[in-house]
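Commentary on secondary and tertiary structure
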Amino acid sequence: MELQITANNKSIVSEETHFFGDVCKNFDYAAQFTKHDAGLLDQIKSCNSVYRFRFPIRKGNGFEVIDAWRVEHSQHQSPTKGGIRYSEMVNEDEVMALAALMTYKCAIVNVPFGGAKGGIKINPKNYTVQELENITRRYTVELIKKNFIGPSIDVPAPDYGSGEREMSWIADTYATMNPGQLDSMGAVTGKPIALHGIAGRREATGRGVAFAVRECVNVAEDMKKIGLTPGIAGKRVIVQGLGNVGYHSAKFLQEYGAIIVGLCEFEGAIYNADGLDVEAVFQHRKTTGSILGYAGAKQEFKHSLEGLEQDCDILVPAALENQITAANAKKIKAKVIAEGANGPVSPEAEAIIYQNGGIIIPDMYCNAGGVTVSYFEWLKNLSHVAFGRMNRRFEETANTNLVNMVEGITGVALTPLQRSTIVKGASELELVNSGLEDTMIRSYHEIRETYVHNEKIDTLRTAAFVGAINKIAVSYQNLGVWP
Ligand code: NAD
């Protein structure tokens, strides 16, 4: 099943790394709690297709050769799905690991995709917009040439260093190279709304994190075990990272009644036991370039990591990997850690957190809001109609008739505000958020059920892996092996 394609004869040396090995170790640990054949487990774990290639771009008066990858980890569901990382640090091992994690993540939140990931080894800051466009379009053409992209094959999305702009270039390149293909816009997600994107995609990961945290702290039995009262209202939260995931996580948690007592960025951290206004801190950072100096903070810390150790109930590391390690895990006071970022807690730290009576909501589930809404965007692209367009007016008419009837029977007239709230049909954003909320709630309880009903399963992460392995195994068993 392993496919290794090199675009030309030049050898590509990848760094000695072990991220994929770590993912496989977690997999192997969880696999002992399943009953699948060793060969099947091996098939699930392996990266099916690893495409590494190089292509030239014009730079100044000369050329530059760019290293790139696309990995499709598993085709037990089609298409495969995963972001494209634009980073100087990207390497084959990392792309393989992230592709594997996408497979498990999609299975956990019941998104019917296999996992994939892409990488372009550049620092986007060193290139002009024109050069970035050339790189992105050429990367897309290389994928097209080898059948590594398409609405039913493999659907990229943004990741570190890429965003809506790059997704637009990919969509346009794909459509140009596939004239007349009706579903061409479904070849990539994370596009701007004006180019067949979807409402709510930008904030989806942070919103999903907030749903995950709310769901976790709502279970009274679990909260009792870790010494917290149930419910999100009044819970003291520290968030690391005020980027896409961190900012939206903090904002939505605040909306649900949590008190954001600490915020950490790379320049330092701020704390106020009475609460910080997330939007005001965000605006302060936008104007001054730093969260430090915010008037509403009672304490400031020079190092982001110090901020993580302050008093709180919930910690949301939503910036980068390896923030909580054996070195600082014992100093963490939070009882619930929600992994907004990928890999913010090391395996050693995870053991310490659990030993100290804490719980970790694992990244594979916690930050799956983005891929969930990407799935909705893909569905929208295939159906060629915005969610809500066909039924909104119909719903409003039906609701109006119902309200009129209730008012007639009871003799009680609703206020105009009450009436419009009840009557209004759902917008695309409301439907997307509702679908996301449902996904995050159901998936949390699937993981939790596995966790609480098997004494030997010691973490929610292992429980999430067990669930994912079981679902993927069923797909492979149903598909059979051909020939
Ligand atoms: P982002 O670039 O928008 O934000 C990251 C933020 O972290 C930035 O504000 C940055 O200044 C800050 N930061 C950098 N170094 C820091 C440090 N040492 N201490 C504190 N803050 C620091 O990125 P993002 O999209 O929010 O992604 C954050 C994490 O979430 C990554 O691990 C990413 O892989 C993961 N993730 C993102 C999405 C998504 O939809 N954006 C989905 C799943 C997972």
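It should be noted that the structure appears before, not after, this text.
Summarised in this report is the structure supplied together with it.

Reading the values: the criteria
Residues numbered from 1 in each chain as written. Predicted model: local features only at pLDDT ≥ 70, side-chain atom pairs only at ≥ 80, totals over all residues. Heavy atoms only, no water. Helix = DSSP H or I, 4+ residues; strand = E, 2+ residues; numbered from the N terminus. Rg over C-alpha atoms; globule rule 2.2 N^0.38 Å. Contact = heavy atoms within 4.5 Å. Near = heavy atom within 4 Å. Polar contact = N/O pair within 3.5 Å; in protein donor to acceptor, adjacent residues only side chain to side chain. Areas by Shrake-Rupley, 256 points an atom, 1.4 Å probe, with all protein chains shown as cover. Nonpolar A, V, L, I, M, F, W, Y, C, P; charged D, E, K, R; others polar. Phe/Tyr/Trp six-rings, centres within 6.5 Å; stacked < 30°, edge-to-face > 60°. Lys NZ or Arg CZ within 6 Å of the ring centre and 35° of its normal. Pairing = 2+ DSSP bridges. Buried < 20%, exposed > 50% of the residue type's maximum accessible area, 1.4 Å probe, protein only. Expected span 1.5 Å × (residues − 1). Lys, Arg positive; Asp, Glu negative; His and termini not counted. Salt bridge = Lys/Arg side-chain N within 4 Å of Asp/Glu carboxyl O. Core = buried A, V, L, I, M, F, W, Y, C linked by side-chain atoms within 4.5 Å. Axes fitted to C-alpha atoms, helices over the stretch in contact; angles between N-to-C directions. Parallel < 35°, antiparallel > 145°, perpendicular 65-115°, else oblique. Left-handed = near helix turned anticlockwise from the far one by under 90°.

Concerning the overall build of the protein chain
What the protein chain contains, in helices and strands, is 17 helices and 13 strands. Taking 483 residues into account, the globule formula puts the C-alpha radius of gyration at 23 Å, and the protein chain, at 23 Å, falls close to it. Taken along its principal axes, the extent of the C-alpha atoms in the protein chain is 75 × 60 × 55 Å. In the protein chain, the proportion of contacts linking residues at least 24 apart, taken out of those at least 6 apart, comes to 69%.

Structural notes on the site of the ligand
Neighbouring the ligand are 20 residues; T205, N244, V245, E265 and S304 lie closest to it. The contact in question runs from a nitrogen atom of the ligand to an N or O atom on the side chain of Q240, over 3.4 Å. Protein contacts shield 72% of the accessible area of the ligand, which totals 820 Å² for the unbound molecule. Looking at the shell around the ligand residue by residue, the class counts come to eight nonpolar, nine polar and three charged.

Digging into the packing of aromatic side chains
Overall, the coordinates contain 14 aromatic pairs when judged by the stated rule. Ring plane angle 85 degrees and centroid distance 5.7 Å describe the contact between Y29 and F33, whose orientation is recorded as edge-to-face. The structure contains a cluster of three or more aromatic residues connected by ring pairs, namely Y51, F53, F55, Y139 and F148. Across the ring face of Y256, the terminal group of R214 is positioned such that the distance to the ring centre comes to 5.0 Å.

What about the pairing of strand 2 (residues 49-59)?
Bridge count between strand 2 and strand 3 (residues 62-72): 11 bridges; the pairing is antiparallel. Bridge pairing links I57 to E64 in strand 3.

Description of the environment of T410
Locating T410 in the fold gives a position in helix 14 (residues 392-410). A relative accessible area of 48% means that T410 is categorised as partly exposed. Polar contacts involving the side chain of T410 include one to the main-chain carbonyl oxygen of V406, which spans 2.8 Å. Here V412 takes part through its backbone nitrogen, which lies 3.1 Å from a polar atom of the side chain of T410.

Structural notes on the environment of I144
Tracing the chain through its elements places I144 in helix 4 (residues 129-145). In sequence terms I144 and M177 are 33 residues apart; their C-alpha atoms lie 8.2 Å from each other. Discounting residues that sit within four places of it in the chain, I144 has contacts with I149, T173, Y174, M177 and N178.

Quick look at helix 8 (residues 244-255)
Taking 1.5 Å per residue as the helical rise, helix 8 with its 12 residues ought to reach 16 Å, and the 17 Å between its terminal C-alpha atoms agrees with that figure. The set of residues buried in helix 8 consists of V245, G246, Y247, H248, S249, A250, F252 and L253. Contact partners of the buried residues in helix 8: helix 6 (204-217), strand 7 (236-240), strand 8 (259-265), helix 9 (278-288) and strand 11 (314-317). The positive-phi residue at the C-terminal boundary of helix 8 is G257, with phi of around 105 degrees.

A closer look at the side chain of K235
Inspection of the secondary structure assignment puts K235 in the loop between helix 7 (220-225) and strand 7. Buried within the structure, K235 lacks any salt-bridge partner; D313 is the closest side chain of opposite charge, at an N-O distance of 5.7 Å. At 2.8 Å, the side chain of K235 forms a polar contact with the backbone oxygen of G231.

A closer look at the nonpolar core
In this structure, Y104, I324, V336 and Y365 are the most contacted members of the largest nonpolar core, which totals 115 residues. Residues within four places of Y104 in sequence aside, it is in contact with V23, F27, I44, K45, H73, M364, F465, A468 and I472. Counting residues in hydrophobic clusters, the runner-up holds 26 residues, among them Y51, I66, A68 and Y86.

Looking at the packing of helix 16 (residues 428-452) against helix 17 (residues 460-479)
One can describe the packing of helix 16 onto helix 17 by two numbers: an axis separation of 8 Å at closest approach and a directional angle of 105 degrees. Considering the angle they form, helix 16 stands roughly perpendicular to helix 17. Of the residues in helix 17, those in contact with Y444, E446, I447, R448, T450 and Y451 of helix 16 are L460, A463, A464, V466 and K471.

With respect to the packing of helix 13 (residues 369-383) against helix 16
Relative to each other, helix 13 and helix 16 sit at 130 degrees, their axes nearing to 10 Å. Taken together, the axes of helix 13 and helix 16 are oblique relative to one another. Crossing angle aside, the handedness with which helix 13 passes helix 16 is right-handed. Contacts between helix 13 and helix 16 involve G369, T372, V373, F376 and K380 from the first element and E428, V432, G435, L436, T439 and M440 from the second.

Here's the deal with the pattern of salt bridges
Oppositely charged side chains can form a pair if their charged atoms are brought close together. All told, the structure shown has 33 salt bridges when counted by the stated rule. Residues K298 and D274 are paired through a salt bridge, measuring 2.9 Å at the closest nitrogen-oxygen approach. Of the two residues, K298 sits in the loop between helix 9 and strand 10 (299-301) while D274 sits in the loop between strand 9 (268-271) and helix 9, which places them 24 residues apart along the sequence. Shared partners join several salt bridges into a network, and the residues in it are R85, E94, K117 and D159.

Geometric descriptors of this kind do not, in isolation, establish any biological role.
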